[in-house]
Amino acid sequence: RMIKIGVPNSLQMSFRSIMAIVLMGIVAGFGTFAVAAYGIGLRLQMIVLMPAFAVANAASTLVGQNLGALKPGRAFKIAWIATGMDMIVMGLAGVIFFIFAPWLISIFNSQAEVIQMGAVFLRITSLFYIFMAMGIILSRSLNGAGDTVSPMFITLVCLWGVQVPLALFLTKLPSLGLTGVWWAIVISNLLQGTITAVWFSLEIGRAHV
């Protein structure tokens with residue numbers, strides 16, 4: 001049972017790690033300034049994601065406990081309360097990132113090109129932070145319910161079926177270029193958050209009913 005639950009979770013993390021390498025390779029095609037901007041943007045984004053992972057781990061534990069206690073209604077409620085809490089936090093962080101994007105990037109790099117590219121990355125991705133919160137919290141909540149297969153497939157589809165192909169396609173458009181990678185990221189996050197929310201509501205909500 002441990003292998004059945006653990007292997008899909010490890011595969012999900014592998015999908016993300018390999019995708020990150022591929023995406024960095026696409027960004028590298030636009031030069032060193034683009035790589036620097038992307039790297040800084042990702043690190044700033046990870047600061048925002050740290051509370052999300054902390055809340056997600058707590059939600060996962062509580063969902064598992066309540067389902068084990070045959071209280072699916074409480075498990076369902078806890079997951080959505082945790083999601084709402086983190087959506088507020090990440091929504092506020094998104095507003096701050098959107099407003100102060102150039103200044104935040106300039107803390108780490110003074111090159112005008114890096115600041116411009118990094119600011120665009122932060123301003124586009126910050127608009128969709130609430131969907132990232134939804135995807136992270138509810139995905140971990142599904143893990144807590146013992147379902148690691150569904151999040152794995154959702155990640156596989158959104159990252160490798162949408163994000164990577166879309167990044168390759170959009171960067172070829174003259175009107176987008178490097179910005180196409182940023183839009184591929186947010187579209188993937190939007191889809192992952194939405195699909196995870198729907199699946200969680202169907203799976204845990206059905207048990208609640």
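Asker: With reference to specific residues and values, describe the packing of aromatic side chains.
Answerer: On inspection of all chains with the given rule, the structure shows eight aromatic pairs. A centroid spacing of 5.8 Å and a plane angle of 10° characterise the contact between Phe76 and Phe200, whose relative ring orientation is stacked. Note that Phe76 is positioned in helix α3 (residues 72-106) and Phe200 in helix α7 (residues 179-208), a separation of 124 residues in sequence. On the basis of relative accessibility, which here comes to 0%, the residue Phe200 falls in the buried class. Aromatic side chains Trp80 and Phe200 sit 6.4 Å apart centroid to centroid with 70° between the ring planes, which places their arrangement in the edge-to-face category. Placement of Trp80 in helix α3 and of Phe200 in helix α7 is noted, with a sequence separation of 120 residues between them. Among the aromatic residues, ring-to-ring pairing joins Tyr38, Phe121 and Trp182 into one connected group.

Asker: Give a description of the environment of Tyr38 that names residues and reports values.
Answerer: Here Tyr38 is to be found in helix α2 (residues 32-68). In this structure Tyr38 comes out as buried when scored by relative accessible area, which is 4%. Residues Tyr38 and Asn57 lie 19 residues apart in sequence; the distance between their C-alpha atoms is 27 Å. The contacts of Tyr38, once residues within four sequence positions are left out, are Leu23, Met24, Val27, Phe121, Trp182 and Ile185.

Asker: Quick one: what's the story with the environment of Val186, residue by residue and with numbers?
Answerer: With respect to the helices and strands, the residue Val186 is situated in helix α7. Taking the C-alpha atoms as reference points, Val186 and Phe200, 14 residues apart in sequence, are found 21 Å from one another.

Asker: With reference to specific residues and values, describe a nonpolar patch on the surface.
Answerer: Together, Val95, Ile96, Phe98, Ile99, Phe100, Trp103, Ile107, Phe108 and Leu127 make up an exposed nonpolar region whose accessible area comes to about 930 Å². On the secondary structure map, Leu127 appears in the loop between α4 (112-125) and α5 (129-144).

Rules and cut-offs
Residues numbered from 1 in each chain as written. Predicted model: local features only at pLDDT ≥ 70, side-chain atom pairs only at ≥ 80, totals over all residues. Heavy atoms only, no water. Phe/Tyr/Trp six-rings, centres within 6.5 Å; stacked < 30°, edge-to-face > 60°. Helix = DSSP H or I, 4+ residues; strand = E, 2+ residues; numbered from the N terminus. Buried < 20%, exposed > 50% of the residue type's maximum accessible area, 1.4 Å probe, protein only. Contact = heavy atoms within 4.5 Å. Patch = residues over 30% accessible without salt bridge, like charges linked within 9 Å, V, L, I, M, F, W, Y side chains within 5 Å. Areas by Shrake-Rupley, 256 points an atom, 1.4 Å probe, with all protein chains shown as cover. Salt bridge = Lys/Arg side-chain N within 4 Å of Asp/Glu carboxyl O.

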